Amino acid sequence: MGKRKHTDAAYQRCINPDCAAEFDCGQTLFKCPECGELLDALYDWDKVEVPGKMSDFGKRWATRDNRLDFSGVWRFRDMLNFCADSHKVTIGEGQTILQQNCAVAEQIGMRPDRLYLQYEGLNPSGSFKDNGMAAAFSHAMMVGAKSCACASTGNTSASVALYAHSCGLRCTVFIGSGRIAFGKLSQAMDYGAQTIQIQGDFDDCMRQVQDVCTKLGLYLLNSLNPFRLEGQKTIMYRIIEQLGWEVPDWIIVPGGNLGNSSAFGKAFYELKELGLIERIPRMAIINATGADTLNDLVNNKKLAWNDGKVDQKVIDEYYADLTARNFSPHTCASAIEISRPVNLKKCLRTIDICDGIVRAVTDEEICDAKAIVGKYGLGCEPASAATIAGLRHLITEGVVGTDERVACVLTGHPLKDPNVTVNYHKDKQGKFSNAPIEAPNDLDEIIKLIK
Ligand SMILES: *Cc1c(COP(=O)(O)O)cnc(C)c1O
Ligand SMILES: [Zn+2]
């Protein structure tokens, strides 16, 4: 059934080393049909033409009237060439910047010239998810999908809804009840998605959407989709590009469903394998304390990739305990409010590849960090600010050295979640709160207030 033909340069392979079943890219699978594990999109690099050095990708800036060269995903298409150019979908994603930010660095006790913020809020739907959707929808076009679906904490639904109508696909998004940030919900509705609000949390939605997609043959756009992760690799290429084709010492990323961290590790592994970079940066993955499955499993239960032989019993017991306690994750960073991350094993692989570490930060730390990014940077949503809060920990611990170059991935736009922002500034009295001042309708009184 759709087994890989060895003439195909791109193919899918099960991540379980005891199975390692291979399939062609013309199939829509999302999990290994033989053992149920996650799949990778892989390439036979001998059959793919890859630039001799990374800076060759930069030459495409000169031909950006070509829609693929304009895209910050497809500019790097040689690294994710699983479909024909005619199927490649783009709405101008990946025009994002790496901002060197001295003021934020100083606020968290870092050498000022060492901190870089990769601001993914500049994407068409306002989050990094668009990088993944450009690739996944290209695969959807390649296999002739007509309808698609996703479960979402918010940004996935916004991105899916936007790409779906751009490609002419019908689209259903599943969200948990009462958890979604208003900016994101408004996008899903405005972009015309059928929005189904399930009485449950994200993890419940994730389980339902997989069964719905299987039963109805809908194309699934969660990060279980290996082609989505291929698009997200390009965030790392762009960081390297903006550092003058140099690799930073650290990448810091929030951890939710763990798609980004999984994609980033794969990106660096491949670049190193191809000799396009000389070393792989370290990675820190930051959970919220109210949704810290990865942190708990890695730091307390010592769960590790172990050459692909991950101790499934540890995971099963952990999840059984969550179920027994009727546990539901809680954090103001709704984008990472996930307790059963679907890409857990791929993330463990990234930790292995990147000598990675995991930390958890409180909501209070997230909100303070978000206010710092707002005041001194381009702003971001709560989940993104977890990276800055986590970095502060790592500097205090001495894990990140003062001379090391750090790139934090700011995953989403500040307008995604205005409620958290207004609440922090008006009601909470946080360290950086900047509440509006009430004034009488009187000129003299008003003038007295101006600082
Ligand atoms: C989806 C999302 C995350 C979580 O990313 P994963 O790849 O699921 O770990 C973090 N921040 C924002 C803004 C997101 O939209
Ligand atoms: Zn398998």
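So, how was this worked out
- Residues numbered from 1 in each chain as written.
- Chains lettered and ligands numbered in written order.
- Predicted model: local features only at pLDDT ≥ 70, side-chain atom pairs only at ≥ 80, totals over all residues.
- Heavy atoms only, no water.
- Helix = DSSP H or I, 4+ residues; strand = E, 2+ residues; numbered from the N terminus.
- Rg over C-alpha atoms; globule rule 2.2 N^0.38 Å.
- Buried < 20%, exposed > 50% of the residue type's maximum accessible area, 1.4 Å probe, protein only.
- Contact = heavy atoms within 4.5 Å.
- Areas by Shrake-Rupley, 256 points an atom, 1.4 Å probe, with all protein chains shown as cover.
- Lys, Arg positive; Asp, Glu negative; His and termini not counted.
- Charge placed at Lys NZ, Arg CZ, Asp CG, Glu CD.
- Polar contact = N/O pair within 3.5 Å; in protein donor to acceptor, adjacent residues only side chain to side chain.
- Salt bridge = Lys/Arg side-chain N within 4 Å of Asp/Glu carboxyl O.
- Pairing = 2+ DSSP bridges.
- Axes fitted to C-alpha atoms, helices over the stretch in contact; angles between N-to-C directions.
- Near = heavy atom within 4 Å.
- Nonpolar A, V, L, I, M, F, W, Y, C, P; charged D, E, K, R; others polar.
- Donors = N, O, S within 2.8 Å, 3.2 Å for Na, K, Ca; no water.
- Tetrahedral: all angles 85-135°; square planar, octahedral: opposite > 155°, others 65-115°.
- Parallel < 35°, antiparallel > 145°, perpendicular 65-115°, else oblique.

### So, the overall build of the protein
In terms of regular secondary structure, the protein is built from 17 helices and 13 strands. Against the 2.2 N^0.38 benchmark of 22 Å for 451 residues, the protein shows a C-alpha radius of gyration of 22 Å, consistent with a compact globule. Seen through its principal axes, the protein has C-alpha atoms that stretch 80 × 50 × 45 Å. When the 451 residues of the protein are sorted by exposure, 60% land in the buried category. Within the protein, contacts between residues at least 6 apart in sequence are counted, and of these 70% link residues at least 24 apart. Accessible area for the protein stands at about 18,300 Å²; split by element, carbon and sulfur atoms hold 49% of it. Considering the protein, the positive charge centre built from 50 side chains and the negative charge centre built from 56 side chains are found 2 Å apart.

### What to know about the environment of lysine 31
One can find lysine 31 in the loop between strand E2 (22–24) and strand E3 (39–43). In the structure, lysine 31 is positioned 16 residues away from isoleucine 15 in sequence and 9.8 Å away in space, judged by C-alpha atoms. Those residues in contact with lysine 31 that sit more than four places away from it in its chain are Gly36, Glu37, Leu39, Gln210 and Leu224. Only 3.4 Å separates the side chain of lysine 31 from the side chain of glutamine 210, close enough to count as a polar contact.

### Description of the pattern of salt bridges
Tallied over the entire structure, the rule returns 30 salt bridges. One salt bridge connects arginine 349 with aspartate 40, and the closest N-O pair in it is separated by 2.6 Å. Highlighted residues: arginine 349 in helix H13 (residues 344–353) and aspartate 40 in strand E3, separated in sequence by 309 residues. Each member of the pair, arginine 349 together with aspartate 40, is buried. The closest approach of N and O atoms between glutamate 230 and lysine 266, which form a salt bridge, is 2.7 Å. One end of the pair, glutamate 230, is in helix H8 (residues 226–232); the other, lysine 266, is in helix H10 (residues 259–273), and 36 residues separate them in sequence. Lysine 266 carries the same exposure label as glutamate 230, and that label is buried. Three or more residues joined by partner-sharing salt bridges are found here, namely Arg60, Asp69, Arg77 and Asp78.

### Section: the sheet that holds strand E1 (residues 10–14)
In any sheet, the strands associate via hydrogen bonds between backbone groups, in a parallel or an antiparallel arrangement. Pairing is antiparallel across the open sheet formed by three strands, whose spatial order is E2-E1-E3. The two strands at the open ends of the sheet, each matched to only one other strand, are E2 and E3. Each adjacent strand pair in this sheet contributes to an overall mean axis angle of 35 degrees, direction not counted. Pairing of E1 with E2 involves three bridges; the strand directions are antiparallel. If you follow tyrosine 11 over to E2, its bridge partner there is aspartate 24.

### Some details on the site of ligand 1
Neighbouring ligand 1 are 16 residues; Lys129, Asn155, Gly256, Asn257 and Thr411 lie closest to it. A distance of 2.6 Å separates an oxygen atom of ligand 1 from a polar side-chain atom of lysine 129. Contact between ligand 1 and asparagine 257: an oxygen atom at 2.8 Å from a main-chain N or O atom of the residue. Coverage of ligand 1 by the protein chains reaches 98% of its 380 Å² of free accessible surface. Within the shell around ligand 1, the residues separate by chemical class into six nonpolar, eight polar and two charged.

### Here we look at the coordination of the zinc ion (ligand 2)
Around the zinc ion (ligand 2), the protein contributes the donor atoms Cys14 (SG), Cys19 (SG), Cys32 (SG) and Cys35 (SG), at 2.3 Å from the metal centre. Each of the four donor atoms around the zinc ion (ligand 2) contributes to a set of angles spanning 94 to 117 degrees, which defines the coordination as tetrahedral. In primary sequence terms, the donor set of the zinc ion (ligand 2) follows C-x4-C-x12-C-x2-C. By relative accessible area, cysteine 14 is classed as buried at 3%. By relative accessible area, cysteine 19 is classed as partly exposed at 24%.

### Examining unusual backbone geometry
Phi at alanine 20 takes a positive value of approximately 50 degrees, unusual for a residue other than glycine. Among the secondary structure elements, alanine 20 is positioned in the loop between E1 and E2. Backbone geometry at aspartate 355 places phi at a positive 50 degrees, although glycine is not the residue there. Aspartate 355 sits in the partly exposed class, given a relative accessible area of 46%.

### Concerning the packing of helix H9 (residues 234–242) against H10
Working note: a packed helix pair is described by the angle between its axes plus the distance between those axes. Where H9 meets H10, the closest approach of the two axes is 8 Å, and the angle between their N-to-C directions is 60 degrees. Classified by the angle between their axes, H9 and H10 sit oblique to one another. Along the contact surface, H9 presents Ile235, Met236, Tyr237 and Ile240, while H10 presents Asn260, Phe264, Ala267, Phe268, Glu270 and Leu271. Split into classes, the residues belonging to the contact of H9 with H10 amount to eight nonpolar, one polar and one charged.

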